[in-house]
Amino acid sequence: MSVVLQNSSGWVLDTRSLIDRGYERCVRCTGHLKSRVKCSFKRQCFQISKSHYNVSGGATVDGKHTAAMQKTDKRSKKRKRKHSENQGEIDAKAFHEKVRSVILEGTKSLVDSAQSAGYLMGEAEAVKDSPPSQDCRLAALCEMAKELPLVADEEQEWTRSLFTEEGRVSQVDLFSQVTENREAWAALVSLMGEEYIIPPNTAFLLSDFTRLQPLVQSGRRFDLIVMDPPWENKSVKRSRRYSSLPSSQLKRLPVPLLASPGCLVVTWVTNRPSHLRFVRDELYPHWAVEVVAEWFWVKVTTSGEFVFPLDSPHKKPYEVLVLGRYRPTDGRTSPLETESVPVEDKRLIVSVPSALHSQKPSLSEVLKLYVGAEAECLELFARSLQPGWTSWGNEVLKFQHVTYFSLEAEAREDGADDPAVALDCSLPEKSDGLEVSSLPANSADS
């Protein structure tokens, strides 16, 4: 059950179950061989069982620290020099005080209800293995692909199926075309010398910020757009996990060309007040998007505790989502817009976060109430794929790499009625698209 429960405060999600729903039917294609496999995202990625404190013990959802933590705080305060707050810190404190009671009371309500239903009771049997890690070089490959010449628009085929008409795995041009798995089953395929699992009925474009043209030219218009921008901050610069993007550059995203009238636009925002102000006061107005709500993703342990102290001056156990509706300046409307359910303000999404950096929970189940079950959905700056969605980013396949999944061969009794089993998975002798295999898989780290 991916949505554990819902009440007036929001939702409790089981993120791993949400991911696994896309892999109930999966076929592995290796050369001429094909086989059914059972896929599930590795359990140890969602085993955050302890709050992130430097001492034993933790904070419950009432925000209280353990006595040991309080003593540590006092000692550390004595050692620290006096620090004068800058305007950013003052603004952050003011914002936190404004939303603190919403976070505290809403989380307590949701966690209590979840625990009454037997969820968030702690891990009975934790997997001892460390979370997987894979050396992602996708961003570097995107940089290399930028050196290849662009094809003239009239000659370009903007979308391409992952499989040929003969049912073979195609060596598609991942960098200049939107690649589609049009089948109703997931496929484990080899791309650029690595194995990835592609969910059913999904489409993706692997490119950086400068090569969004195939997505725009594909002619798709979306009813829901979710984005998780690579915001600039000091920790990102220090860790070098990924390249950040100046806020001003986000205005270049062609959202009005991708959004249908009434499209719900959702942006993940860090707890930095300047980023929040930018989205509300500059970015959304620039796109003709009207802000309709602010939601919060609250991160808890498997026992229902905040992953960080609620009042921590450094990291908070929540992140903000800004939701808005695209209102075209030409007055265009759509049935979706006129029939859409109003979006409530100050709702919470409570879940155990991933141990993998920057992996956000899927919002598909939560947001379908506001866009409809048949909505066309797009994720920008994606690092994974979702069934039924289109995704774009320079690391769009990162969490689709086979190392993040547990695989188990599935016994095959008869496959006469299963199109996945009937698939011929042999590779074509040559591709009529970009020879992505010619790009070295061991290029510089992204």
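Remember, predicted model here, so these are calculated numbers, not experimental data.

Novice: Would you mind showing me how to read the nonpolar core here?
Specialist: Within soluble globular proteins, side chains that are nonpolar generally end up buried alongside one another. One finds Ile-225 and Leu-253 to be the most contacted residues of the largest nonpolar core, which totals 57 residues. In this view, Leu-253 contacts Phe-209, Leu-212, Met-227, Trp-287, Leu-380, Phe-381 and Trp-392; residues no more than four positions away in its chain are not counted. Residues Cys-29, Cys-136, Ile-198 and Phe-204 belong to the second largest nonpolar core, which totals 26 residues.

Novice: Help me understand empty space enclosed by the protein, please; the structure alone is not making it clear to me.
Specialist: Over the atoms rolls a probe the size of a water molecule, and its path tells where empty space is left. In total, this model carries two cavities of 30 Å³ or more according to the counting rule given. In this model, the second largest cavity occupies a volume close to 40 Å³. Lining the second largest cavity are Cys-142, Ala-145, Lys-146, Phe-175, Leu-206, Ser-207, Asp-208 and Arg-211. Grouping the amino acids of the lining of the second largest cavity by side-chain chemistry returns four nonpolar, one polar and three charged.

Novice: Just checking my understanding: could you explain the packing of aromatic side chains for this structure?
Specialist: Going through the model one piece at a time under the given rule, you end up with 12 aromatic pairs. Summarising the aromatic geometry, the rings of Phe-41 and Phe-46 are spaced 6.2 Å apart at their centres and angled 55° between planes, so their arrangement reads as tilted. For the pair Phe-41 and Phe-46, a shared accessibility class is recorded, and that class is buried. Pairing Phe-41 with Tyr-404 gives two aromatic rings, centres 6.2 Å apart and planes at 5°, and the pair type is stacked. Residue Phe-41 is located in strand S4 (residues 33-41), and its partner Tyr-404 is located in the loop between strand S16 (389-393) and strand S17 (405-409); the two are separated by 363 residues in the primary sequence. Per residue, the accessibility class of Phe-41 equals that of Tyr-404, and both read buried. One aromatic cluster is present, formed by Tyr-23, Phe-41, Phe-46, Phe-399, Tyr-404 and Phe-405 through successive ring pairs. In this arrangement the basic side chain of Lys-360 is found over the ring face of Trp-268, its NZ or CZ atom lying 5.5 Å from the centre.

Novice: Sorry, what's going on with the confidence of the model for the protein here?
Specialist: The predicted coordinates ought not to be read in detail in places where the model reports low pLDDT. Confidence in the prediction of the protein, expressed as mean pLDDT, is 83, and 78% of residues score 70 or more. Within the model, pLDDT remains below 50 along residues 422-446, and this stretch shows 64 contacts once partners closer than five positions in the same chain are excluded.

Novice: Explain the pattern of salt bridges here, please?
Specialist: When the charged atoms of two side chains with opposite charge come close together, those side chains can pair. Per the counting criterion, the structure on display carries 19 salt bridges. The shortest N-O distance in the salt bridge between Arg-28 and Glu-195 comes to 2.7 Å. Here Arg-28 is found in strand S3 (residues 26-30), whereas its partner Glu-195 is found in strand S8 (residues 194-198), with 167 residues between them in sequence. Salt-bridge contacts for Lys-360 lead to Asp-228; the nearest nitrogen and oxygen are separated by 3.0 Å. Residue Lys-360 is located in the loop between strand S14 (348-351) and helix H10 (364-371), and its partner Asp-228 is located in the loop between strand S10 (222-227) and helix H6 (234-239); the two are separated by 132 residues in the primary sequence.

Novice: I keep staring at the sheet that holds S16 and nothing clicks. Help me out?
Specialist: Hydrogen bonds between backbone atoms are what pair the strands of a sheet, whose relative direction is either parallel or antiparallel. The strand order across the open sheet built from 12 strands is S1-S2-S14-S12-S13-S11-S10-S15-S16-S9-S6-S5, with neighbouring strands paired in mixed fashion. The outermost strands of the open sheet, each flanked by one partner alone, are strand S1 (3-7) and strand S5 (159-161). Geometrically, the sheet is characterised by an average inter-axis angle of 20° between neighbouring strands, direction not taken into account. Sheet topology note: the strand S2 (residues 10-13)/S14 ladder contains three bridges and is parallel. Pairing of Gly-10 across the sheet is with Leu-348, part of S14. Where helix H3 (residues 87-116) meets the sheet, its contacts fall on S1, S2, strand S12 (289-299), strand S13 (318-326) and S14, and the angle it forms with S14 comes to roughly 55°.

Novice: I'm lost on the side chain of Ser-312 in this one. Help?
Specialist: Here Ser-312 lies in the loop between S12 and S13. For Ser-312, the side chain forms a polar contact with the main-chain oxygen of Lys-315, separated by 3.2 Å.

Novice: Would you explain the layout of surface pockets in this entry?
Specialist: Put simply, the second largest pocket is a space of about 770 Å³. As for the second largest pocket, its lining consists of 40 residues, of which Ser-362, Ser-364, Gln-386, Pro-387 and Trp-389 are closest to the centre. Elements with a minimum of two residues in the lining of the second largest pocket: helix H1 (15-20), S10, H10 and strand S15 (377-380). Here the element with the most residues in the lining of the second largest pocket is H10; it accounts for five residues. Its residues assigned to classes, the lining of the second largest pocket comprises 20 nonpolar, 11 polar and nine charged.

Novice: Is there a simple way to explain the environment of Gln-171 in this structure?
Specialist: By the secondary structure assignment, Gln-171 is in the loop between S5 and strand S6 (178-181). For the pair formed by Gln-171 and Met-192, sequence separation is 21 residues and the distance between their alpha carbons is 8.8 Å.

Novice: Help me out: how do you make sense of the pairing of strand S9 (residues 202-206) in this one?
Specialist: The two faces of a sheet get side chains in turn, since along a regular strand they alternate between them. Taken across its five residues, S9 has five buried, putting it largely inside the fold. With three bridges joining them, S6 and S9 adopt antiparallel strand pairing. Bridge pairing links Asn-181 to Thr-202 in S9. Examined bridge by bridge, S9 and S16 share four bridges and lie parallel to one another. Of the residues in S16, the one forming a bridge with Leu-205 is Trp-392.

Novice: Please clarify how the sheet that holds S17 should be interpreted in this entry.
Specialist: Read across the open sheet, the five strands follow the order S8-S7-S3-S4-S17; overall the sheet is mixed. Edge positions in the open sheet fall to S8 and S17, since each of these has one partner strand only. Neighbour-to-neighbour, the strand axes of the sheet open up by a mean angle of 35°, direction not taken into account. By the bridge criterion, four bridges tie S3 to S4 in an arrangement that is antiparallel. Bridged to Arg-28 within S4 is Ser-35.

About the cut-offs
- Residues numbered from 1 in each chain as written.
- Predicted model: local features only at pLDDT ≥ 70, side-chain atom pairs only at ≥ 80, totals over all residues.
- Heavy atoms only, no water.
- Core = buried A, V, L, I, M, F, W, Y, C linked by side-chain atoms within 4.5 Å.
- Buried < 20%, exposed > 50% of the residue type's maximum accessible area, 1.4 Å probe, protein only.
- Contact = heavy atoms within 4.5 Å.
- 1 Å grid on protein atoms, 1.4 Å probe; cavity = no way out; pocket = protein on both sides within 12 Å on 5 of 7 lines; lining within 4 Å.
- Points joined across faces, edges and corners; volume = space filled by probe spheres on them.
- Nonpolar A, V, L, I, M, F, W, Y, C, P; charged D, E, K, R; others polar.
- Phe/Tyr/Trp six-rings, centres within 6.5 Å; stacked < 30°, edge-to-face > 60°.
- Helix = DSSP H or I, 4+ residues; strand = E, 2+ residues; numbered from the N terminus.
- Lys NZ or Arg CZ within 6 Å of the ring centre and 35° of its normal.
- pLDDT = per-residue confidence, 0-100.
- Salt bridge = Lys/Arg side-chain N within 4 Å of Asp/Glu carboxyl O.
- Pairing = 2+ DSSP bridges.
- Axes fitted to C-alpha atoms, helices over the stretch in contact; angles between N-to-C directions.
- Polar contact = N/O pair within 3.5 Å; in protein donor to acceptor, adjacent residues only side chain to side chain.

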